[in-house]
Each structure stands twice: as structure tokens, then as C-alpha cells.
Amino acid sequence: MSRTHEQRKRTEKEKPVSAASAVSSRLPAFPWDKLEPYKATAAAHPDGIVDLSVGTPVDPVPELIQQALSAAADSPGYPTVWGTAALRDALTGWVERRLGAVGVTHTNVLPVVGSKELVAWLPTQLGLGPGDKVAYPRLAYPTYEIGARLARAEPVAYDDPTQLDPAGLKLLWLNSPSNPTGRVLAKDELIRIVAWARAHGVLVFSDECYLELGWEAEPVSVLHPDVCGGTYGGVVAVHSLSKRSNLAGYRAAFAAGDASVLGELLQIRKHGGMMTPAPVQAATVAALGDDTHVSEQRARYVARREALRTALEAHGFRIEHSEASLYLWATRDEPCWDTVAHLARLGILVAPGDFYGTAGERFVRVAFTATDERVEAAVKRLG
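Along each chain, the written sequence defines residue order, and numbers are assigned to residues from 1. Local features in this predicted model are restricted to residues whose pLDDT is 70 or higher, and side-chain atom pairs enter the listing and the counts only when it is 80 or higher, whereas totals over whole chains, interfaces and linings include all residues. As a convention, hydrogens and water are excluded, and side-chain values are obtained from all of the structure's heavy atoms.

Focus on the overall build of the protein
And step 1. A count of helices and strands for the protein gives 14 helices and 13 strands.
And step 2. Radius of gyration: over C-alpha atoms. The globule rule applied is 2.2 Å multiplied by the number of residues raised to the 0.38 power. Radius of gyration (C-alpha) of the protein: 22 Å, near the 21 Å computed for a compact globule of 383 residues.
And step 3. Summarising its shape, the C-alpha atoms of the protein cover approximately 75 × 55 × 50 Å along the three principal directions.
And step 4. Any two residues whose heavy atoms approach within 4.5 Å at even a single point are treated as in contact. Of the contacts made within the protein by residues no fewer than 6 positions apart, 75% connect residues no fewer than 24 positions apart.
And step 5. With residues, only the protein chains shown are counted as cover, and all accessible areas are computed by Shrake-Rupley using a 1.4 Å probe. If you sum the accessible surface of the protein, you get close to 16700 Å²; carbon and sulfur atoms cover 54% of it.
And step 6. In the protein, which carries 40 positive and 44 negative side-chain charges, the distance between the mean positions of the two groups comes to 7 Å. Helix and strand assignments come from DSSP, with helices taken as H or I runs of at least 4 residues and strands as E runs of at least 2, each series counted from the N terminus. As used throughout, the charge tally considers Lys and Arg to be positive and Asp and Glu to be negative, leaving His and the chain termini uncounted. Charge coordinates come from a single atom per side chain, which is NZ of Lys, CZ of Arg, CG of Asp or CD of Glu.

And the structure:
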């Protein structure tokens, strides 16, 4: 072996592991990549794919929101992390009007760059790390776990959070209405959980991004005075305009609640430059000030949900929970990937339940965020 070759081999051995790979190695494989072969099967259907796997809006952004965005297009300066006073007024007004919260001030709200960003980076921004625990529902949006792993905290799944060991538990995620199941936590459940968390000094973040989309139940916010007693210590709600206003492409969301927690996050996010673009801030003001477009969009989803539910049940599926959100939590009492394969052969793509935890391994999540034409095609194929 030549001296040069020996030197090269030694250098390769001594080369440090990159910082990026040290972080990525803490994360699971990106689950959606596993769906690609089934997507190819569904796409081969003569009439094309009906993609019900991802809950992304497909209907137009309401005109008044587009106009507000366009009117603010000439925004050459940097926006602020806390947002304009008009945005904060819109956030506090909506939280009081829609959630029933009381005494909400600007210090109780914080705009964020889409709710997924907040979920993923919250444990890190809270300063959590090894020895700290982050808890989330056993069937849950995967990013709760990802956030814990990014911070090197311990992820803990629960069935009932009040049965958790509070030692070391620093952050408790609630999600009502649930993604993926559509389950809604009743007001009494929320009261009990918030009281337990406060008694043990556990910070509660409640992901309420589907709150406007209750079908067979009326979702309640943790900020409702019946739940939090009209004070926000230790409690924060997270809301998004992606679903209610078809603004997933805008990345418009916010947190509301405990002023001390949001104040700390504001300072951190200022240093990180985590700013909602100025035109999006203006669009958010317009969106939160109008309820008509929300009602119109709800009506579209009601029709699509009913059509798909009826067709799935006639096809032999059982639907569980699903009283809210944009999904039907469906099962044929078989492994979820068998169901995914079966539907893919019909040209229909759905999400396997085990994306959301092992408890979902015999379920699939069926989104009704497809056009009327595609929903009609799915109904026909299921028939």
C-alpha cells in the first residue's frame, strides 16, 4: 500500500462526524417516503390518482385575503417578529370572540411562521434537553416527537396525561381536535388535565389547529375560562390559518396564552429572525376578521366528508372518532399497509395509521381535502 493511500485512509478514519448528521441521526426516517410505491400504483389508474393522504387545502384562497396580501406587496422593510399592532389586535380579538377567552392583551399572543415550525422547535426554544420529558398523545402528529428529539429531550406517548409521572415532565402537548383521529377532548377532560398540569408545574401547549372544523362535536379551547379559570398561567393554545382559510401556502399561525412563556419565546425568536412576512401579516388580519369564507369552506368539507364516509362504510370500512378535523379514521380490521395497498389499486392514496404511532397500525387516515371532482371519483371507485 502506498504512503499516500495510507495517509488518505488515516485521514478518512479521523474525519469527524458532521454536526448535521449528528442531529439527523436522532430522527426517524421521513415516513412519507415509504408511501411512494403506493402513490405510483394509484397514479397508474386510468382516471388518475385520488390523493387523500395529505391534508393540504385545494380550494382557492378567499379573494379578500388575496387582496390584502396584494395590497401589502410593497413591503421593502423587515417585518417584526411580534407583528404589527393591527395583527396583534386581530389575534387578540379573534381569541376572545371565537375561543371565548377573556382579558387577552398583546402580551398574550405571538405570531409564528406556520404551526409546524413552532411544534418542531418549541422544546429547543424552551431550553429543554437531556433529562427533560415531552409528552404527546399515543396517536399523534409525528412532529411532537420530532421536536423532543431535536432538543435531545425524552419523547413520551400517553393515553391519559394525568397518569404520567410528572417528574422531569416539562412540556405536555394536547391535540384537540386530533390529527389523525379527529377525536375531540370534552370540556371536562380539558379542565381535569389543565388542573393536573398546573398542580405539577407542567407547561401545557394545546394544538387546536382544527378547532374550526367540528362536525359531530363542538371543540373547546384550553383558553376558555371554564377550562383555565380565566387566567393563562402554564397554558398556551396554538392555532393555524392553513385549514380554516386555505392558507397552508402562506405559513400563517400563532400562539396565545401565558404571557411569560410567550414573552420568552418572543425574545428568542427575535434573535433567530423568525418573522412572519409583512404581506402574510396583512392577509392574516383580513382572514381573522371575516367569518363568511370559513362558513363557505366548512360547507365544502361537510359535503366531501359525508360522501367519503358513506362510500367507505359501504365498502366495508369502520369509522372511529372522526367527529372533527379534516380526516376520517378508518379501518378494515387488517394491517394498515394492506389497506393502503388495496386502496392504491383503486387509484386512491391514503395515509397508513402507523405514521401516527403503533396504536394506528390497523387504521388509515383518509383526508377529505380533495376537489369535488376527485372526491366523486373516489366514491365511484369505492362503489
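Focus: the packing of helix α6 (residues 115–125) against helix α10 (residues 259–272)
Describing two packed helices takes the angle between their axes plus the distance from one axis to the other.
And step 1. Running from amino to carboxyl end, α6 crosses α10 at an angle of 100°, the nearest separation of the two axes being 12 Å. One finds that α6 runs roughly perpendicular with respect to α10. For the pair formed by α6 and α10, the contact residues are Glu 117, Leu 118, Leu 122 and Gln 125 on the first element and Leu 265, Ile 268 and Arg 269 on the second.
And step 2. Throughout this entry, Asp, Glu, Lys and Arg are counted as charged residues, while Ala, Val, Leu, Ile, Met, Phe, Trp, Tyr, Cys and Pro are counted as nonpolar. The remaining residues, Gly among them, count as polar. Split into classes, the residues belonging to the contact of α6 with α10 amount to four nonpolar, one polar and two charged. Fitting a line to C-alpha atoms yields each axis, with helices limited to the stretch in contact; the angle taken between N-to-C directions then spans 0 to 180 degrees. Each angle receives one of four descriptions, namely roughly parallel if under 35 degrees, roughly antiparallel if over 145, roughly perpendicular if within 65 to 115, and oblique otherwise.

A few points about the sheet that holds strand β3 (residues 133–137)
And step 1. Strand pairing follows a simple DSSP-based rule, namely that at least 2 bridges must link the two strands. Strand order in the open sheet formed by seven strands is β2-β8-β7-β6-β5-β3-β4, with mixed pairing between adjacent strands. The sheet is open, and its two borders are formed by β2 (109–112) and β4 (154–158), each paired with just one other strand. For this sheet, the mean angle separating the axes of adjacent strands, direction not counted, is 20°.
And step 2. Taken strand by strand, α10 contacts β2, β6 (203–207), β7 (235–240) and β8 (253–257), and its axis lies near 40° from that of β2.

Examining the pattern of salt bridges
And step 1. The working definition used for a salt bridge is a side-chain nitrogen of Lys or Arg within 4 Å of a carboxyl oxygen of Asp or Glu. Per the counting criterion, the structure on display carries 22 salt bridges.
And step 2. One salt bridge in this structure joins Arg 305 and Glu 216, with 2.9 Å as the shortest N-O distance. Here Arg 305 is found in helix α12 (residues 292–314), whereas its partner Glu 216 is found in the loop between β6 and α9 (225–228), with 89 residues between them in sequence.
And step 3. With a 1.4 Å probe rolled over the protein chains alone, any residue whose accessible area is under 20% of its type maximum counts as buried; one over 50% counts as exposed, and the rest are partly exposed. You can call Arg 305 buried: its relative accessible area is 6%.
And step 4. Taking the shortest distance from any N to any O, the salt bridge between Glu 334 and Arg 332 comes out at 3.0 Å.
And step 5. Here the residues in one salt-bridge network are Asp 47, Glu 373, Arg 374 and Arg 381, joined through shared partners.

Topic: the side chain of Ser 221
And step 1. Structurally, the position occupied by Ser 221 is in the loop between β6 and α9.
And step 2. Residue classification places Ser 221 among the buried positions, given a relative accessible area of 2%.
And step 3. Polar contacts, as counted here, are pairs of nitrogen or oxygen atoms within 3.5 Å of one another; within protein the pair requires one atom able to donate a hydrogen and one able to accept it, and residues that are adjacent in sequence qualify only if both atoms are side-chain atoms. There is a polar contact of 3.0 Å between the side chain of Ser 221 and the backbone nitrogen of Leu 223.
And step 4. Ignoring any residue separated from it by four or fewer positions in sequence, one finds Ser 221 in contact with Leu 99, Glu 208, Leu 211, Val 227 and Ala 237.

Looking at the packing of helix α3 (residues 36–43) against helix α13 (residues 336–345)
And step 1. Contact geometry of α3 with α13 gives a least axis separation of 7 Å together with a crossing angle of 25°. Relative to α13, the element α3 is oriented roughly parallel. When α3 is examined against α13, the residues Tyr 38, Thr 41 and Ala 42 are found in contact with a partner set consisting of Trp 337, Val 340, Ala 341, Ala 344 and Arg 345.
And step 2. For the contact of α3 with α13, the class distribution of residues is six nonpolar, one polar and one charged.

Section: the pairing of β2
And step 1. Neither face of β2 is open: one carries Val 109 and Pro 111, the other Leu 110 and Val 112, and all of them are buried.
And step 2. One ladder, built from four bridges, connects β2 with β8; its direction is antiparallel. Following the sheet pairing, Val 109 is matched in β8 by Ala 256.

Considering the packing of aromatic side chains
And step 1. Pairs were defined over the aromatic rings of Phe, Tyr and Trp, the Trp ring being its six-membered one, requiring ring centres within 6.5 Å. Orientation was assigned from the angle between planes: stacked under 30 degrees, edge-to-face over 60, tilted for the rest. A full pass over the atoms with the stated rule returns 12 aromatic pairs.
And step 2. Cluster of aromatic residues (ring-pair linked, three or more members): Trp 32, Tyr 38, Trp 337, Phe 355 and Tyr 356.
And step 3. The lysine or arginine in question, Arg 88, covers the ring of Trp 82, its NZ or CZ lying 4.0 Å from the ring centre.
And step 4. The criterion for a charge sitting over a ring is simple: Lys NZ or Arg CZ within 6 Å of the ring centre, and within 35 degrees of the ring normal. The residue whose ring lies beneath Arg 365 is Tyr 327, and the NZ or CZ to ring-centre distance is 3.8 Å.

It is worth stressing that arrangement in space is one thing and function is another; only the former is reported here.
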